[in-house]
Amino acid sequence: MKLTKFVSFAWRCLPRISSAECRNLDFRVHKTILLNLLRNRDYSYNQICPYCKKTENSELDEDEDEIFKDLKNKLRSVRLAQDPHQVFVIQPYIKWGPKMLKNTTPQLQLEEAEALVSTLPQWKVVSSLLVPLTSFDKATLFSKGHLENIVQKTRSQQTISSVFVNVKSLQLHQHLLLEEMLQVPVFDRHSIVINIFKNHAKTKEAKLQVALAEIPYFWTRIKGINEGEVFQVSNVGIGSGQTFEETRIQILRERERKIKAEINKLRENRQLLRSKRKGKEFPTVAVVGYTNAGKTSLIKALTNEAALKPENKLFATLDVTLHAVVLPTNVKVLLVDTIGFISNIPSNLLEPFVVTLEDALWADVIIHVQDLSHPDRKAQEQTVLSTLRTLELPQNLLNSIITVGNKVDKIEEGQEIPEDILQVSCVDGRGLKDLMNILEKQVYKNTGLKKIKIKVPNGGDEYRWLYKEAAVFSVEEDDKNPQFLILGVAISHAKLEKFKYEFIVKASKMK
Ligand SMILES: Nc1nc2c(ncn2[C@@H]2O[C@H](COP(=O)(O)OP(=O)(O)OP(=O)(O)O)[C@@H](O)[C@H]2O)c(=O)[nH]1
Ligand SMILES: [Mg+2]
């Protein structure tokens, strides 16, 4: 079959995706996705219609220079974010008081900061330092003595091309002052995570989400820069006499509005997909967890999907994708791979992703994957659970989370593991069978699926209907009448009613 013919054939066979969900990808990608769809193995939210034209370049890109040119000149970290860097990582921490770190240590936080840096291509950690603070609000952040030490170290060590201060977000005056004193770009957690997102965002939706996540960063930095500067802006059509700051705020607002509108468009499509999914009655299982815990690996291990690529990187997965797996009783469920959680970043950074996540998490069951070998497991668990609690999710879903402790192959002998955590390894396969059984039970419970036995004529319409619409997990011949089969079927209440209507009510009316 010619490719175009194949694609249109595939398209007609796939009513669950509408052309409204098209986004620009080239034809080859189209074909791969459609093939996957046909095999019913995998489809992601960013589906493409073979009939769509390539979408024009977003207007958003054109705005960018206009808005960010000036900021880029003011802040080295914005200007030089895309360059490779040799990074001096500084972990400030409060020694005493309520702002002290809980459930973790400065050393573990420093290690996570180093891992964040290593996630960026061509970025390398060349030096690191723990620095005690009395408060995060000091104008220079650090005390005089520590600051002198940091300046001296940065300037004397030629290999250092930037500094990463691992705090949620530096205040603008701290940021400007540190860059001035150190003479290199200074990054905070917010800007590093944005950089990582930028590097990993592949689909249109992820790119838009990153663009949206970046805006609050500029908000805080626009205020205060160029105070008092007056800029006649009639040439950019916004009206005259505004301060430069006001103009940029207005441009940022406009940018924010446009991005949100585009995201909402995609979201509508996603919701459509969701309702279609529901119509098809594939139960969905959302797989969540701290970044790098092994969510993608677990899905790969359960589905044997070769195309899935787990990576030893923070935020390797930025897009929500769906992957089919067949449970022991032949019930097909869709596993939803999601973006990882991370602690201590401004909530507005994750917000655009959380919206997507919330859609994904309206699942029938949630699996929470933890990395048992991580020394910060407990703090990571808290981050995930508290983020989940901020989302609007049904209580019964939250109450029935399956907690999976992954990487059990890596843990030290004698390490204590809470009893309610199911131990698994995606490397040696330990615990995966148990997980499938537990998952199946929970899917049955949360969706109201029931296992029943139905006697149907061998090869009849009832038999075909059940194979198509429900999950058949066993077939036996009827001892008393070989023309009949006894099918073991997993079926929802609604589907069973439909079956009864089709084959009992209608049949009796015909008589
Ligand atoms: N030893 C061991 N390593 C594992 C196991 N599961 C996953 N990994 C490794 O852990 C790293 C992260 O795995 P991913 O599956 O990408 O983790 P993730 O949770 O999807 O990460 P993000 O998408 O970045 O949030 C990879 O290097 C995997 O090979 C396991 O059971 N044992
Ligand atoms: Mg992943």
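What comes next is a walk through the structure.

1. With respect to the overall build of the protein chain
- Looking only at helices and strands, the protein chain features 17 helices and 14 strands.
- Here the protein chain displays about 25,300 Å² of accessible surface, and carbon together with sulfur accounts for 51% of that area.

2. Quick word on unusual backbone geometry
- A positive phi angle, close to 70°, is found at leucine 141, a residue other than glycine.
- Mapped onto the elements of the fold, leucine 141 is located in the loop between β3 (123–133) and α6 (144–156).
- Judged by relative accessible area, which is 2%, leucine 141 ranks as buried.

3. Focus on the sheet that holds strand β2 (residues 85–94)
- Strand order in the open sheet formed by four strands is β3-β2-β4-β5, with parallel pairing between adjacent strands. Edge positions in the sheet fall to β3 and β5 (186–187), since each of these pairs with one other strand and no more.
- Here strand β4 (residues 162–165) runs beside β5; their pairing, made up of two bridges, is parallel. The residue of β5 that forms the bridge with valine 163 is valine 186.
- On the sheet, helix α5 (residues 106–119) packs against β2, β3 and β4 and is oriented at approximately 155° with respect to β3.

4. Some thoughts on the packing of aromatic side chains
- Scanning all chains against the criterion turns up five aromatic pairs.
- Seen in terms of ring centroids, tyrosine 463 and tyrosine 467 are 5.0 Å apart; in terms of plane orientation they differ by 50°. Their pairing is tilted. With tyrosine 463 and tyrosine 467 both in helix α16 (residues 461–469) and four residues apart, the pair spans about one turn of that helix.
- With a relative accessible area of 23%, tyrosine 463 lands in the partly exposed category.
- Residue tyrosine 467 is classed as partly exposed on the basis of its relative accessible area of 42%.
- Between tryptophan 465 and phenylalanine 503, the ring centres sit 6.2 Å apart and the planes meet at 80°, which makes this aromatic pair edge-to-face. Taken together, the residues span a long stretch of sequence, with tryptophan 465 in helix α16 and phenylalanine 503 in helix α17 (residues 493–510) at a distance of 38 residues. Here the two residues tryptophan 465 and phenylalanine 503 agree in accessibility, since each one is buried.
- An aromatic cluster is defined as three or more aromatic residues linked by ring pairs; in this entry it consists of Trp465, Phe499 and Phe503.
- The side chain of lysine 451 reaches across the aromatic face of tyrosine 444, ending 5.3 Å from its centre.
- Residue placement shows lysine 455 over the ring face of phenylalanine 484; its charged tip is 5.3 Å from the ring centre.

5. What to know about the site of ligand 1
- Looking at ligand 1, there are 23 residues lining it, with Lys295, Ser297, Ala316, Asp409 and Cys426 nearest.
- The contact in question runs from an oxygen atom of ligand 1 to an N or O atom on the backbone of glycine 294, over 2.8 Å.
- One of the side-chain nitrogen or oxygen atoms of threonine 296 is found 2.9 Å away from an oxygen atom of ligand 1.
- With three residues, helix α11 (residues 295–303) is the largest single contributor of residues to the shell around ligand 1.
- Partitioned by chemical class, the residues of the shell around ligand 1 number seven nonpolar, 10 polar and six charged.

6. As for helix α15 (residues 432–447)
- Between the first and last C-alpha of α15 there are 22 Å, a value that for 16 residues agrees with the 22 Å anticipated at 1.5 Å per step.
- Considered for burial, the residues of α15 that qualify are Leu432, Leu435, Met436, Leu439, Glu440, Gln442, Val443 and Tyr444.
- With its phi angle positive at about 75°, glycine 448 sits one or two positions after the end of α15.

7. Quick word on the packing of α16 against α17
- Between α16 and α17, whose axes approach to 11 Å, the crossing angle comes to 160°. In terms of orientation, α16 and α17 fall into the roughly antiparallel class. Crossing angle aside, the handedness with which α16 passes α17 is right-handed. Taken together, the residues of α17 that come into contact with α16 (itself represented by Asp461, Glu462, Trp465, Leu466 and Glu469) are Lys495, Lys498, Phe499, Glu502 and Phe503.

8. Considering the environment of lysine 95
- Checked against the element boundaries, lysine 95 lands in the loop between β2 and α5.
- For lysine 95, a relative accessible area of 43% translates into the label partly exposed.
- Between the C-alpha atoms of lysine 95 and threonine 134, which are 39 residues apart in sequence, the distance is 7.0 Å.
- Apart from the residues lying within four places of it in its own chain, the contact partners of lysine 95 are Met100, Pro132 and Leu133.

9. Structural notes on a nonpolar patch on the surface
- There is a patch of nonpolar side chains on the surface, built from Tyr501, Ile504 and Val505 and spanning about 260 Å² of accessible area.
- By the secondary structure assignment, valine 505 is in helix α17.

10. Observations concerning the side chain of threonine 338
- Looking at the element boundaries, threonine 338 is found in the loop between β8 (332–337) and α12 (347–361).
- Residue threonine 338 is classed as buried on the basis of its relative accessible area of 0%.
- Within polar-contact distance, the side chain of threonine 338 engages the backbone oxygen of valine 287 at 2.7 Å.
- Look past the residues within four positions of threonine 338 in its chain and what remains in contact with it is Val287, Val288, Lys295, Thr317, Leu357 and Ala360.

Scoring rules and cut-offs
The residue count restarts for each chain, going from 1 along the sequence in the order it is written. Chains carry letters from A onward and ligands carry numbers from 1 onward, assigned in written order. Totals for whole chains, interfaces and linings use all residues, but because this is a predicted model, local features are given only for residues with pLDDT of at least 70 and pairs of side-chain atoms are given and counted only at 80 or more. Excluded from the side-chain calculations are hydrogens and water; all other atoms, namely the structure's heavy atoms, are used. Helix and strand assignments come from DSSP, with helices taken as H or I runs of at least 4 residues and strands as E runs of at least 2, each series counted from the N terminus. Using a 1.4 Å probe, accessible areas were evaluated by the Shrake-Rupley method; residue-level cover was limited to the displayed protein chains. Three labels apply to residues, based on accessible area from a 1.4 Å probe with only protein chains included: buried if under 20% of the type maximum, exposed if over 50%, partly exposed otherwise in between. Paired strands, as defined in this entry, are two strands with at least two bridges between them according to DSSP. We call two residues in contact whenever any of their non-hydrogen atoms come within 4.5 Å of each other. Throughout, an axis means a line fitted to C-alpha atoms (over the contacting stretch in the case of helices), and angles, computed between N-to-C directions, take values from 0 to 180 degrees. Each aromatic pair joins two rings of Phe, Tyr and Trp (for Trp, the six-membered one) with centres within 6.5 Å, and gets the label stacked for planes under 30 degrees apart, edge-to-face for over 60, and tilted for any other angle. As a reminder, the over-ring test applies to NZ of lysine and CZ of arginine, requiring each to be within 6 Å of the ring centre and within 35 degrees of the ring normal. A cutoff of 4 Å decides nearness: a residue is near a molecule or strand if any of its heavy atoms lies inside that distance of it. What qualifies as a polar contact is a pair of N or O atoms within 3.5 Å, subject to a donor-acceptor requirement within protein and to the restriction that residues adjacent in sequence count only when both atoms come from side chains. We call Asp, Glu, Lys and Arg charged. Ala, Val, Leu, Ile, Met, Phe, Trp, Tyr, Cys and Pro are nonpolar, and the rest, Gly among them, are polar. In a helix, the anticipated span is given by 1.5 Å times the number of residues less one. An angle counts as roughly parallel when it lies under 35 degrees, as roughly antiparallel when it exceeds 145, as roughly perpendicular when it falls between 65 and 115, and as oblique in every other case. Crossing handedness: left-handed means the near helix sits turned counterclockwise from the far one by under a right angle, and right-handed means the same turn made clockwise. What goes into a patch is any residue over 30% in relative accessible area without a salt bridge, connected to like charges within 9 Å or, for nonpolar side chains (Val, Leu, Ile, Met, Phe, Trp, Tyr), within 5 Å. For this document, the term salt bridge refers to a Lys or Arg side-chain nitrogen within 4 Å of an Asp or Glu carboxyl oxygen.

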